[in-house]
Amino acid sequence: MTPEELSAAVRACLQEAVDAGELALPASAVPQSVRVERPRNRDHGDWATSVALQLAKPAGLPPRQVAEVVAGRLASVAGVKSVDVAGPGFLNVTLDAAAAGELARAVVEAGPAFGRTGALAGRKVNLEFVSANPTGPVHLGGTRWAAVGDSLARVLQAAGADVTREYYFNDHGAQIDRFARSLLARANGQDAPEDGYGGDYIEEIATTIVTDALAADGRDPRNLPEPEALEAFRSRGVALMFDEVKKSLHDFRVDFDVYFHEDSLHSSGAVATVVQQLKDSGRLFEADGAWWLRSTEFGDDKDRVVIKSDGNPAYVAGDLAYLRDKRARGFDLCIYLLGADHHGYVARLKAAAAAFGDDPDVVEVLIGQMVNLVRDGVPVRMSKRAGTVVTMEDLVEAVGVDAARYALVRSSVDSQIDVDLDLLVKRTNDNPVFYVQYAHARTSGVGRNSRDLGVRTEDGFDPSLLDHATESALLAAIGDFPRVVAQAAELREPHRVARYLEALAGSYHKWYDERRVTPMGEEAVTDVHRTRLWLNDATRTVLANGLDLLGVGAPDRM
RNA sequence: GCGCCCGUAGCUCAACGGAUAGAGCAUCUGACUACGGAUCAGAAGGUUGCAGGUUCGAGUCCUGCCGGGCGCGCCA
């Protein structure tokens, strides 16, 4: 029996009780779906629901009395072993071992599909994340958003959404000009300008640009007149940096469906069109020589300049056109994953939607807190000047993709997290990813061993044999997976999957310690071995599906 | 000053408004002569920053403080 089936059974019992006049409840008070959860304390049964507590008030009865009514009916449902009313009115349900054990087969047969739901079916979602400026490599903060964003995309897809991963490439404006000037200066052996970029990578790119140009046609771009030289270094530099960023992301197993170039919004005239539309609809006003969007009408804390007094579009102009573009491409939900230093954008992006008469709820902004670099327990301020910037490549080189992704995705984005490179390099066991991966490797090993000794799942399955406490705990954990995934998708919190996997791995290790799958010596193969192998394989399926949602490998051996 | 996030075990972090607040690491004690000990069993460790409030029930919601982070450009 799956939790979904139990939930439906509880609801049916409620409905019956209402129909029979045992509960005086308005039809609207009967919940559409009853929440069934694993109790924290295993003594409280396999599953629990607090529905009686919630219905006590509308029913005008003490909660325990409501619970008794439901319990009486639920106890006779096939597969339910016992129902207890506990505490203030919780319903604690224990399933027949056989009914609970059926889950093992269902999971194995579902395979990679187990955990997928239709919770977000029909939603066309644009998920924008990382979107770092092409003026340098992806740093630690961007790495967090890469891990979280990609995992969130996978979780949303598992919930049935149609997801496009998108990267907004800010290849337009003053920052890029500074980048180009920095490259040119370095190519000429000069220091970077005061407001420029000075990392080693600038030197490398500058050198590459010159070398490539000389190899191509023998013309040194440094000898061009300054405007042309700047343009040469700008376009080549951005392209090289872009390639490097893409490569880092790819090596981190994060590939975007769309790399959107901000510059294209300006060169295509999209920005001009959008500005004209806003002028026509009276959403813009002129003051101090500039054109302003009256975004305060839509919840922003101040109005925003869209066209600067020098006639050039301000950054928001690109945001406006970009959101229009996303909507025109058919997305009904546009999620932005941004760092805490951008939280001021939330109101602005919502206003960008509202200014066009669009529903602000199509824009959803997730603000993630910063990543601190720590060395020996002391926070290190990341600074390009001091050479203390840690990049995505540094992190991967130090701990590997699996450990890096897992460490960054297992915490809520609301929490600031500390990354201590020295610690991660020294004691990688600190990372719970190995606990989870080891559990998967163990399921694989058990499968290999038992099959070598002739245990075949297809020869038998008797779920009533799964009667040990560690077995009901493991089955309950397995059964919880679809709910966890759906909840992670709904709340946009992929870290829940990681925490769930740690608990599942724990349940598996405890079971492994208590129950043996592989026959000993000349022992004959029986349904006990076969049935346990089903449970082993079911666990392996869920661990693999869960790790996949995090973009972390599920090794067969470690 | 205003806005957003955070404050939970020694450390890093969890916990749809639910029952005795949980994991990992660190500390201590046990378990390999048969599935890999990257494991398991157990101990210790907490006034969930403080003070009020909401209700059957608050780490979670509301108000006010205290502490930390990040923002508040005709920069991008």
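Residues numbered from 1 in each chain as written. Chains lettered and ligands numbered in written order. Predicted model: local features only at pLDDT ≥ 70, side-chain atom pairs only at ≥ 80, totals over all residues. Heavy atoms only, no water.

Engineer: Let's hear about the sheet that holds strand β12 (residues 371-375): which residues, and what values?
Structural biologist: Here we have 3 strands laid out as an open sheet, ordered β13-β12-β14, and mixed in their pairing. The two strands at the open ends of the sheet, each matched to only one other strand, are β13 (378-380) and β14 (417-420). Taking each pair of neighbouring strands and ignoring which way they run, the sheet shows an average axis angle of 50°. Here β12 runs beside β13; their pairing, made up of 3 bridges, is antiparallel. By the bridge assignment, L373 is partnered in β13 with V380. (Pairing = 2+ DSSP bridges. Helix = DSSP H or I, 4+ residues; strand = E, 2+ residues; numbered from the N terminus. Axes fitted to C-alpha atoms, helices over the stretch in contact; angles between N-to-C directions.)

Engineer: Explain the pattern of salt bridges to me, using residue names and the numbers behind them.
Structural biologist: All chains considered together, the criterion is met by 34 salt bridges. Between R165 and D150 there is a salt bridge, with its nearest N and O atoms 2.8 Å apart. Remark: D150 occurs in helix α5 (residues 140-158) and R165 occurs in strand β5 (residues 162-169); sequence separation between them is 15 residues. You'll find R165 and D150 in the same group, each marked buried. Between R451 and D537 there is a salt bridge, with its nearest N and O atoms 2.6 Å apart. Pair noted here: R451 is in helix α16 (residues 433-452) and D537 is in helix α19 (residues 527-550), with a separation of 86 residues, a long-range link. Since its relative accessible area comes to 40%, R451 is described here as partly exposed. (Salt bridge = Lys/Arg side-chain N within 4 Å of Asp/Glu carboxyl O. Buried < 20%, exposed > 50% of the residue type's maximum accessible area, 1.4 Å probe, protein only.)

Engineer: Can you explain the sheet that holds strand β8 (residues 290-293)? Please cite residues and give values.
Structural biologist: In spatial order, the strands read β7-β8-β9; together these 3 strands make up an open sheet with antiparallel pairing. Two strands close off the open sheet at either side, each with one partner strand: β7 (284-287) and β9 (304-307). Averaged over all pairs of adjacent strands, the angle between their axes in this sheet comes to 45°, without regard to strand direction. Here β7 runs beside β8; their pairing, made up of 4 bridges, is antiparallel.

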